[in-house]
Structures are given as C-alpha cells and as structure tokens.
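# Coordinate analysis (summary)
Residues per chain, in single letters:
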Amino acid sequence: MSEESGAVRVEAREEAALPAAPTIRVRHLWHRYGNRDVLRDVTFDVGPGEIFGFIGPNGAGKTTTIRVMATLLEPMAGRVEIDGIDVTMDPEEVRRIIGYMPDHAGVYDRITVREYLEFFADSFRVPSISVVDAVLELTDLGKLQDRLVAEMSKGMKQRLQLARILLHDPKVLILDEPASDLDPRARIEIRDLLLELRGLGKTILLSSHILTELSDVCTSIGILERGRLVVAGPIHEISSRLEAIRAAEAQGHVPPPAYSGSARVVPAPAVQGGVQGPQQHPQGAWQPPVPAAPAVRRVKLRVLGNPNAAAYHLRGGPGIVEVSVMGGIVHVGYVGTDTKIAEMVQHLVHRNIGIVGVEPERNELERIFLEVTRGDVQ
Amino acid sequence: MSAQTGTDALAGPVSKRMGDKARYRFRRLLDDPNPLWIRELKQSARLVRTPVILCVLAVLTTLLIASIGGLVSMNESPATTGYVLFQVFFSIAYFVVTFVGPGVAANAIAAEREGRTWEAVILTGLRPAVIARGKFMAAYTSIGMYVVMLAPVGALPFLFGGVTATETIVAFAFLFLIAGLAVAFGLAISSKMNSLRAALVVSLLCAVIVSLNVYGFFGVGLSIAAHSLWPGVPDGPPVWLPTAYSRAPFDLTYLGLLVGLPLSLAVLPSWFLYEVTVANLTSITDDRSTGLKRWYAICAPIFGIATTIPIISVSPGDRMGACIAALSAHFFFLMMGVYLFAGDSLGPSRRVVLHWDRASAGRFKRFLGPSIVKTSALELCVGFVALALPTLAGLIAVPASSTRSALHAAEILIVAGYVAGFFTFSVGFAAFLRSRMSTTLVARMLLLAVHFLVAIGPWVVAAIAGVVSSASDRSALVVAAPSPFYVFLAIDALGRGGDDILVGGSVFMSVAWALLGLIFLGSARKRTARIIAQHDAALAESDRLLAAEDAAMAQASDPAPEGPADAPSAEPEPVQAS
C-alpha cells in the first residue's frame, strides 16, 4: 500500500515537474504564393493560458500563418498543432477548439445581435440556449441584443465578432488585428476583454500593428519579417537577451555565431509558460543557451530646471546603466526593482532638483521590434 | 436544440425502421431546421423591397393575363381563351422562375464570400452538404414566394375552361420542380464564384441561354413529337406536358415517357448540381470526388435506359434515327463526364486516408475516392455499360423493323464503335494531362483545345486539299477520319455502298483512338504512381525529422539525474543529434 502510494506520489511529482505541453505548436512552416515564399521555416510554440502577440510589418506573413492555424489554408510544408491536433490532418476537430476572428470580417447586417449569435450557436451545435445570454453578458452586448447589426459601430461589431467566437467555448482564440480601425475607447475595451478571457483560461494568439497595446496584454511575442520569425518568446526574456548582446558588443566581445553580422536575435523555438527549450537555429542546428543578463528597465523623469544637471547627477550611480536627455526629459536605464526609482528621486531631491513626473517607459516592445527587424517588406 | 427556433433537442429515431427514421427527419426539419435557412429567412423578412417586387409582379401579370384574355375572348370560345391564357401564364411563370431562381441563388454563396462572412460559417464546422442544403432551401423559399404570389393569377384560365383543375395543379407542380432546378443551377455557379457580380452575370447569362433552349426544345419541339404519339395532346403549345397526363392513354409508354423520363430529367440534373455545389464548397484536399463519382456511376446507366425508351417507343420507321440520336446524346454525356472528372486529384490526401481508416472504409468506398486513375477506370467501365444499352436496344429494335437490317446493324455498330473509341481516348488523354499539369484549369483547357483541333482540323485539311467539294473522289475524305463528325460520313458511305475505304477509315480510327487512349492512361498511371510515391516519401521524411526533433527536445528538457555530481553514469550519455 505504502509502495503504491509512494509510486503515485512520484508520478504526481514528475507530472508536476514536466512543463505543460504547448497549446499551439508551429513547426517549420513554409508557404508560397506563386514564386514568392511568404513563410520560411516559421517555428514557435504558445503555452496554455498565454497571450501571444504576433507582430510584423505588412506582408510579413502573419495572416498566412494565422490562416494556416485556423484551418483555412494548407501549408506547403511544416506542421501546425493546436492542442496536439494537426490542423492539416483533422481540421474539423481543430475547428471545435479554436475561435478565429479575421481582420475586417463581415457581419450579417439585417439581423439583430441576438439573432446573429443564435445563428452561430445553432451552427456550432451549442447544447444550451443560455450560452447566448452568457456570451452577451461576457462581452457586454446585452443592452444591444435587439439592435440590428447594421446599426452598430465598428467597435461594437468587433465585440460581436469576439462574442461569436466564444459561443462554442474554444480553448484557443486566434485574432487577426482585432483592434484595427477602432477608436481608443474601443481598443481599451477590447484589450480589457482579452485580459478577462485570459483569466478564463483561454490561450490567445493575436496579431497587431499597435505595439504599445500588445505590450500591455501579451505574455510573449513573435516577430515576423519577410516570412521568417526573427524572434519569439516572453517580452522580458527577449529584452534581456538583447541587452546581453548589446553589453557583449559594447565590451568588444564577439557575439555568438547566430548573432554575428547583425543585431538580430535567433528565434526561440519553444515558449512554454516561460520554460525555455534549447536555442535552435532556423535550419535546425542546436545552439547553446544565451546566458541571461539582468533586465534593464527604463524610466522617464520630468524635472524642474536643467535636465542635463539631473542627468549629470544620475550618471554612474549604482545600477544606472544609461542616462540620456531627450526633449527636456531625462531617460534612465537601470537594473533593479522599483526601489531604485525611489532612490533616484531621493538622490535628485537632495541635490535640489525638483521632480514633477516619473513615468516608466512601457514601449519595450517597440524597442525590441525596431532592434530585431530591418524594416524590410516583401 | 435550436437557439433560433427555441426548441429543445430531439431524441433520435425510435427505431431503425424507415418509417421512424422518416418521422424523425421530418420532426427535425420542423424543430431543428437548417440554421442557414432560418437566418436567411429572418434577413429576407427585413428586406423591404421583396414584398414590393412581389406585388408589382403579381399586378403586372394580372393585367397582362386580363388584357390577353379580353382580346382573345372577342373572337374565340371561352375554352380556347382559357387554354391560351394557360399557355401564356405558365410561359411567363416559367421565365420568371428560370431567370429569377438562378439570380437569387447566385447571391447565396458568392455574397457570403464577398461580404467576408463565409469563413465564419465554415469554421462553425457545418459540413458543405449542410451549407448547400441551407442555401438551397433559403433561395427556394424566396422563389417559391414568387410562384405562390402568381398562383391566383394562374388559376384564372381554369375558370374559363379548356384546361382542367388537374392540368393546372400539375402545371404548378412542374413550375415548382423547374424552380428547384433553377435554384440548384444558380447555387452550383455561386459555389464556384468569389464575386457576387460575376456570379450574377454568369448565372443570368447561362440561365437565359439554357431556359430559352429548354423552352424551345422541350416545349415547342417535343409538343410535336408528343402530338404524333398522343393525338389528344395539341402540337405547338409549349406547355404541353401537364395536359399530356390527362389526355394520353395510360400504358407502358405513358409510364416511360410521362413518368420515367421527366423524373430522371428532374432528379439527375438536380443531384448533379447538388454534388457540384458540395464539391465546390469542399476543400481541395478533402474528398470532392465520391459524390460526383457516385452520381456518375448511377446516372450513366439510367441515362442509358432513358435513351433506350424513345428507340423502343417511336414508330419502327423512326427507330434508326432515334438510335443514332441516342448514341449522339450518349457521346455528349460521356464527354461531359470526361471534362467533369479531368479535375480529379491524383490521389487521396493523407486527411482523406485518415478519415477512411477511421470509418473503416471498404475497398469500394476507397475506389470512389479521389484518384484520377481510378476515376478513369470507373468512367470507362460505367460509360461502356451505359453505351451498350442504347446500342443493344438499337441492334434489337431497328433490324426487327427494317428490311435492311444488316446494314442498319452495321451503321449502329460503326457509330457505337467510334463513340467508344473516342471516349476511351478522351478519358486516357484527360488522365494523362491531369497527371502532368499542376492546375485542373490548364488540363481542361488543353483537352478542349485538342478536342477542337481533332473535331475541326481534319475537315480544314480536307477543305484545303479540295477533297470536300470533289464529287469524283469521295474516298479522299478519309483524311477527315480523326474527327468524330466523320462517323456520319461513314454511315452515309455504308448506306450508299462502294465507299469501303470511308467505312474502313472509321473502323480504323475507332481502334486507333481506343489504343491511344489506353497508352495515355497507362502513362498517366505510371506518372501518378511515381508522384504519389515521391510525395509519400517526402511526408515520411518530414515526419521522421519532426519526430527526431521532438525526441531531442524531450531529451534536452529532461531533468538531470539526482546524485553526486562526480558519480559516473551507469550508461554512456547519448550523443546530441545536431
């Protein structure tokens, strides 16, 4: 008995130690339109419960990748698995567990919001009528349920699209530019809704051009350029790796072979809830893992008086990595926690420099994007 | 459960008996209807222009019928007036449903694609067949409303006399049947189109051409044949079929020509259009072939039987002509099959094979699946069986009624032989082209070009050589033997006698076409097998690499074994695969 329970405990411990299997696995994906390769060996994973931001310039291949995931396009080569199911082999099964919202999707105009959702509930063979009410409540469309779809704003139509893909309670949501053409309020509402859905355990993959918004919601990102995935992984890890490269280059060290010739970061093949697999080159050659450098955080300080004086006092301080003045604002890169900000403020106040504003720089994603992409379009 | 109708889920049929199954299906239609149908009805109900159009149409038709009735009744008896109005009304109604039906249906799928709602629908998991049925029912309901609005006007002629109530009811039944065909036709075109305008233009153009031809041939044309067969049916009026049911004597011919033929003429095209729609809505790597091949396998023999009926039914003197006409009709039917299946896949995709394996599909089901070589084999087998029916009927019926029985039998065999030979060539060549072309459109276009060259080219050569106009040396016309039209020259030569070379040319080309077809088919088979083997090898290699990568990843993510750091491992460490 004790041996048995011991064995069970060991198994349970082993299971707990194993990383969760990725919900979305994209492996060596290739696709071609005519003579043009639109996807070249794209490989990345998305772990369960993550919000994965898919970023890239126009024509980079984001929508093609997404359409392959949504079973609407068959790749020339490679494999995509959603929850362990091959999208090419078993699209019907995959359709049951995904909710796909295309960019600029159309809606039926001459029916009401409720009728629209009832139609899709019937089409999805949703077992209970109450699901429509639940989805209306979740997406906050209850008040508009009797309104004709034609009379709704763009933002509300996007919300309706989101409601549609939630009807069959999919595990995975694939959203192609969900906030495009929306006003700021609608964007914020969509963002909050996505966070709420993540709270419900959904795995979300969304593509967008609006990097600041992605950085607010995404747990990890993938950047695609000219059909190649140039980087993938949690934002802070990518940031750390870039910092490490930058630091190594500043000290005259030759960057690892994969980085030589450019400031590019190799794709991270596995992003499984923060557990990083071995580094792999796109061609499949195994690469040693990059040593993790402490993440550099950034803050903007608005000061009374001369900002250059404030910069002078901060330069060379403990944990301060870089200081610059742009447009009368002091930009500080530092290593450490929020206590470091308090120390900086205290330090400047002691030197009679008034602080009127402290604002963390949040557009880390923009920096990453600009650093790893070349601005090439195809 | 239907959220749209608010009804609860239905339990399955009480038993496996046909009656219970039919009852269950009917209850499901009422309580759990096709979601697309219900949604489109709701959308249509909010379209303001529909009732206006319906009212205007009904008023205009009433005015027209009343005017014609007034004019005709001045000189004719009420019975004649009623009959004229009956013809006018159902002719108008025929054109309304054959023009509006495809137009309404063309809107169905192309509008969804253009409006970018299509992807949302297919991602719900609705099968293409369910989508096709929903769209059909929605369009059919719309066109049905037109017929219902016109019904009171259609009953007016019945009040004058000249037509019976049964004839009016049968005419309305045919109107609904034609409406169904028109909608299915529009839907089949719509399923292929991405643009609404293109779908509308193509549907309407085709609808105008087809409906005018059908009206002329099956209406006015066949009324003369019907009159010769049943003198009670007047010759000339296009709407003769509803009247024939009450005016023709009930016998075997009645059953064959008034029940069998109209049924097969309605069911087989409807089924074909349905299968085309479903195939067009199905992904190219799914099984798009089984439905169409099943239709062909059943339809070809039925078509064979249908074409034998006139051979037996007509007067003995006309049987030879009926037989040649039946063989010619068969030739066109078989050629249509060749073009239809020229777009089949080289072989089943992995997905299709997986579905077959899951469903434990038998050999016959797999035979009906995607594969250009198997399709060609099916085409040849079924095509020859179907072709044999009118040929045998001709060989039996024509010589029995003719003094020149041996000659007629030879004529029938020459035509049937040429049809069989050229059909074999076309099937083999289509398979050959398909195995070498990446797109089906190119394969079909090349096939069409070759057919055109073969049909016309030899006559052009003959004309250039001056043998067409030369009355002295008819035998030189043998240069035109490769053209299928040459067979008519051969049977003419056989009738005249003395032009053995012309007849011999026809026989030679029949055999040559058949041999060429078989050679092409053999080549297509080899090439297809090689392509499929290469494809399977590439997929197996890809699977192997992905599996190796998985194993390497699993190995890399395995936690290090616990124990002293310097303790030697029990087994040598595996080498990391690069």
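Residues numbered from 1 in each chain as written. Chains lettered and ligands numbered in written order. Predicted model: local features only at pLDDT ≥ 70, side-chain atom pairs only at ≥ 80, totals over all residues.

### Quick word on the overall build of chain B
On a plain count of helices and strands, chain B comes out with 19 helices and zero strands. When the backbone C-alpha atoms are referred to their principal axes, chain B occupies close to 120 × 75 × 50 Å. When burial is assessed residue by residue, chain B has 38% of its 578 residues classed as buried. Summarising the internal contacts of chain B: among those between residues at least 6 apart in sequence, 74% fall at separations of at least 24. (Helix = DSSP H or I, 4+ residues; strand = E, 2+ residues; numbered from the N terminus. Buried ≥ 20, exposed ≤ 12 C-beta atoms within 10 Å, placed from the backbone. Contact = placed C-beta atoms within 7 Å.)

### Considering the overall build of chain A
Within chain A one finds 12 helices and 18 strands. Counting all 378 residues of chain A, 42% fall into the buried class.

### Some remarks on the environment of valine 72 of chain B
Residue and element names in this part refer to chain B. With respect to the helices and strands, the residue valine 72 is situated in helix H3 (residues 49-73). With 19 C-beta atoms counted inside 10 Å, the residue valine 72 sits in the partly exposed group. C-alpha separation for the pair valine 72 and phenylalanine 367, spaced 295 residues apart in sequence, amounts to 61 Å. In this view, valine 72 contacts Thr81 and Val84; residues no more than four positions away in its chain are not counted.

### Some details on the interface of chain B and chain A
Accessible area lost upon the coming together of the parts is a frequently used measure of interface size. Each side of the interface is counted separately: chain B has 33 residues, and chain A has 41 residues. Those elements that place two or more of their residues in the side of chain B that touches chain A are helix H2 (35-45), helix H5 (118-122), helix H13 (350-358) and helix H19 (500-557) of chain B. Top contributing element to the side of chain B that touches chain A by residue count: H19 of chain B, with five residues.

### Observations regarding the sheet that holds strand S1 (residues 24-33) of chain A
Residues and elements named next belong to chain A. With respect to topology, four strands assemble into an open sheet ordered S2-S1-S4-S5, the strand pairing being antiparallel. The sheet terminates laterally at strand S2 (36-46) and strand S5 (85-86), the two strands that pair on one side only. Sheet topology note: the strand S4 (residues 77-82)/S5 ladder contains two bridges and is antiparallel. The partner of isoleucine 82 across the bridge, within S5, is isoleucine 85. Its contacts with the sheet place helix H2 (residues 62-69) against S1, S2 and S4, and it is angled at close to 120° to S1. (Pairing = 2+ DSSP bridges. Axes fitted to C-alpha atoms, helices over the stretch in contact; angles between N-to-C directions.)

### With respect to the pairing of S4 of chain A
Strand residues, when the strand is regular, have side chains that alternate between the two faces of the sheet. Direction of pairing for S1 of chain A relative to S4 of chain A: antiparallel, over a ladder of five bridges. Bridge pairing in S4 of chain A links isoleucine 24 of chain A to isoleucine 82 of chain A.

### As for the nonpolar core
Counting 210 residues, the largest nonpolar core has Ile174 of chain A together with Val97, Ala139, Val183, Leu187, Val415 and Val419 of chain B as the members making the most contacts within it. Here the element with the most residues in this core is helix H4 (residues 78-114) of chain B; it accounts for 17 residues. Leaving out residues up to four positions away in the same chain, valine 415 of chain B has contacts with Ile324, Leu327, Val487 and Ile491 of chain B. In this structure, Val303, Leu314, Val330 and Leu348 of chain A belong to the second largest nonpolar core, which totals 11 residues. (Core = buried A, V, L, I, M, F, W, Y, C linked by C-beta atoms within 7 Å.)

### Here's the deal with helix H6 (residues 128-160) of chain B
Residues and elements named next belong to chain B. Given a rise of 1.5 Å per residue, 33 residues ought to cover 48 Å, and the 48 Å separating the end C-alpha atoms of H6 matches this to within 8%. Approximately 45° is the largest bend angle found in H6, and it occurs at alanine 151, with the proline proline 152 only one to four residues beyond. With its phi angle positive at about 95°, glycine 161 sits one or two positions after the end of H6. (Expected span 1.5 Å × (residues − 1). Bend = angle between axes of the 7 residues up to and from the residue.)

### Considering the packing of helix H7 (residues 165-190) of chain B against helix H8 (residues 196-229) of chain B
Residues and elements named next belong to chain B. Put simply, H7 and H8 touch, their axes get as near as 9 Å, and they point 140° apart. Judged on the interaxial angle alone, H8 and H7 are oblique. By crossing handedness, the relation of H7 to H8 is classed as right-handed. Contacts from Ala182, Phe185, Gly186, Ile189 and Ser190 in H7 reach Ala199, Val202, Ser203, Cys206 and Ala207 in H8. Across the contact of H7 with H8, the residue classes break down as seven nonpolar, three polar and no charged. (Parallel < 35°, antiparallel > 145°, perpendicular 65-115°, else oblique. Left-handed = near helix turned anticlockwise from the far one by under 90°. Nonpolar A, V, L, I, M, F, W, Y, C, P; charged D, E, K, R; others polar.)

### Details of the sheet that holds strand S9 (residues 220-225) of chain A
Residue and element names in this part refer to chain A. In space, the six strands of this open sheet follow the order S6-S7-S8-S3-S9-S10, with mixed pairing throughout. Sheet topology places strand S6 (98-101) and strand S10 (228-234) at the edges, where each strand pairs with a single neighbour. When strand polarity is set aside, the average angle formed by the axes of neighbouring strands in this sheet is 15°. In the packing of helix H6 (residues 154-166) onto the sheet, contacts are made with S6 and strand S7 (172-176), and the angle to S6 comes to roughly 160°.

### Side note on the environment of arginine 241 of chain A
All names here are of chain A. Looking at where arginine 241 falls in the secondary structure, it is placed in helix H9 (residues 235-250). Its 24 C-beta neighbours within 10 Å are what place arginine 241 among the buried residues. Remark: the alpha-carbon pair of arginine 241 and aspartate 83, spanning 158 residues in sequence, is separated by 29 Å.

### Looking at the pairing of S9 of chain A
Residue and element names in this part refer to chain A. In terms of burial, S9 is a largely internal element, six of the six residues being buried. Side chains Ser220, Gly222 and Leu224 project from S9 onto one buried face, and the interleaved Ile221, Ile223 and Glu225 project onto a second face that is buried too. Direction of pairing for strand S3 (residues 51-55) relative to S9: parallel, over a ladder of four bridges. For glycine 53, the partnering residue across the bridge sits in S9 and is isoleucine 221. In this sheet, S10 lies alongside S9 in antiparallel orientation, the contact comprising six bridges. If you follow glycine 222 over to S10, its bridge partner there is alanine 232. Adjacent in sequence and paired antiparallel, S9 and S10 are bridged by two residues, among which arginine 226 carries a positive phi angle near 50°.

### Some thoughts on helix H4 (residues 113-123) of chain A
Residue and element names in this part refer to chain A. Among the 11 residues that make up H4, 11 are buried, leaving the element largely enclosed by the rest of the structure. The complete set of buried residues in H4 reads Val113, Arg114, Glu115, Tyr116, Leu117, Glu118, Phe119, Phe120, Ala121, Asp122 and Ser123. One or two positions beyond H4, positive phi appears at arginine 125, with a value near 60°.

### Quick notes on unusual backbone geometry
Residue and element names in this part refer to chain A. Phi at histidine 28 is positive, roughly 50°, even though this residue is not glycine. Note that histidine 28 resides in strand S1. A positive phi angle is found at arginine 125, which is not glycine, with a value near 60°. With respect to the helices and strands, the residue arginine 125 is situated in the loop between H4 and helix H5 (130-138). Assessed through the 16 C-beta atoms surrounding it within 10 Å, arginine 125 is described here as partly exposed.

### Focus: the confidence of the model for chain B
Residue and element names in this part refer to chain B. Summing up the model confidence of chain B, the mean pLDDT is 87 and the portion of residues at 70 or higher is 94%. Low pLDDT, under 50, characterises residues 563-578; the stretch is placed with five contacts to residues that sit more than four places away or in other chains. The complex prediction reports pTM at 0.80, with the ipTM value standing at 0.82. (pLDDT = per-residue confidence, 0-100.)

### Description of the packing of H6 of chain B against H7 of chain B
Residues and elements named next belong to chain B. Running from N to C, H6 and H7 cross one another at 150°; their axes reach a closest spacing of 9 Å. By the criterion of interaxial angle, the relationship of H6 to H7 is roughly antiparallel. Crossing angle aside, the handedness with which H6 passes H7 is right-handed. For the pair formed by H6 and H7, the contact residues are Ala132, Lys135, Phe136, Ala139, Tyr140, Ile143, Gly144, Val147, Ala151, Gly154, Ala155 and Phe158 on the first element and Ala165, Thr168, Phe172, Leu175, Phe176, Ala179, Gly180, Val183, Ala184, Gly186 and Leu187 on the second. By residue class, the composition of the contact of H6 with H7 is 17 nonpolar, five polar and one charged.

### Concerning the environment of isoleucine 55 of chain A
All names here are of chain A. Counting through the fold element by element, isoleucine 55 comes out in strand S3. Given 26 C-beta atoms within a 10 Å radius, isoleucine 55 is considered buried. As a C-alpha pair, isoleucine 55 and leucine 214 span 159 residues in sequence and 8.9 Å in three-dimensional space. Sequence-distant contacts of isoleucine 55, that is, excluding residues within four places in its chain, are made with Ser208, Leu211, Leu214, Ile221, Ile223 and Phe369.

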